[in-house]
Amino acid sequence: MCLAIPAKITEFKDDRMATVDILGVTRDISLDLTPQANIGDFVLVHAGFAIEVVDEQYAQETIDLIKQFPELAMDDVPQGASPASAPLGSLGL
């Protein structure tokens, strides 16, 4: 199964790359598929690419759903964590 995870853009880099925060873990991703994305936006990330810009509420709802599946998010993910403040768990992103 493929999974896209919400992430918050925290910094732009060269060549349409950006740093994102995914549940408290930072990653560099490509913005080639979402040229409209800005710092502070939430994007769905799959395979190192932002594939869609989403609103914060959608991002939080998605994180909440992911937390319901122990094989996707470990038990140490805080229940009240926002998309940008919880640990990544075992998502492997």
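Quick caveat, the model's predicted, so the values are computed rather than measured. (Residues numbered from 1 in each chain as written. Predicted model: local features only at pLDDT ≥ 70, side-chain atom pairs only at ≥ 80, totals over all residues. Heavy atoms only, no water.)

A. Looking closely at unusual backbone geometry. Phi at L23 takes a positive value of approximately 55°, unusual for a residue other than glycine. Of note, L23 is situated in the loop between β2 (17-22) and β3 (25-30). On the basis of relative accessible area, L23 is assigned to the buried category, the value being 2%. Its identity is not glycine, yet A47 carries a phi of approximately 55°, on the positive side. Its place among the elements puts A47 in the loop between β4 (42-46) and β5 (49-54). Look at A47 and you get exposed, because its relative accessible area is 61%. (Helix = DSSP H or I, 4+ residues; strand = E, 2+ residues; numbered from the N terminus. Buried < 20%, exposed > 50% of the residue type's maximum accessible area, 1.4 Å probe, protein only.)

B. Quick look at the side chain of T34. Along the chain, the position of T34 falls in the loop between β3 and β4. Not counting residues within four places of it along the chain, the set of residues in contact with T34 comprises R16, A50, I51, E52 and V53. (Contact = heavy atoms within 4.5 Å.)

C. Geometry of the environment of L44. By the secondary structure assignment, L44 is in strand β4. Note on L44: relative accessible area 8%, which makes it buried. For L44 and I5, which are 39 residues apart along the polypeptide, the C-alpha to C-alpha distance reads 5.2 Å.

D. The nonpolar core, seen in detail. Ranked by size, the top nonpolar core spans 15 residues in total, and within it I5, I9, V20, I29, L31, V43 and V45 carry the most contacts. Elements with a contribution of two residues or more to this core: β1 (5-12), β2, β4 and α1 (56-67). Excluding residues within four positions of it along the chain, I9 makes contact with A18, T19, V20, L31, A37, N38, I39, G40, D41 and V43. (Core = buried A, V, L, I, M, F, W, Y, C linked by side-chain atoms within 4.5 Å.)

E. Structural context of the pairing of β2. In terms of residue burial, β2 counts as a mostly covered element, since five of its six residues are buried. Where β1 meets β2, four bridges bridge the pair, whose relative direction is antiparallel. Residue pairing across strands places I9 opposite V20, the latter belonging to β2. Following β1, the chain reverses through four residues before pairing antiparallel with β2; D15 in that reversal takes a positive phi of roughly 60°. Strand direction decides the pairing type here: β2 and β3, joined by six bridges, are antiparallel. By the bridge assignment, V20 is partnered in β3 with R27. Between β2 and the antiparallel strand that follows it, β3, lie two residues; L23 among them carries a positive phi value of about 55°. (Pairing = 2+ DSSP bridges.)

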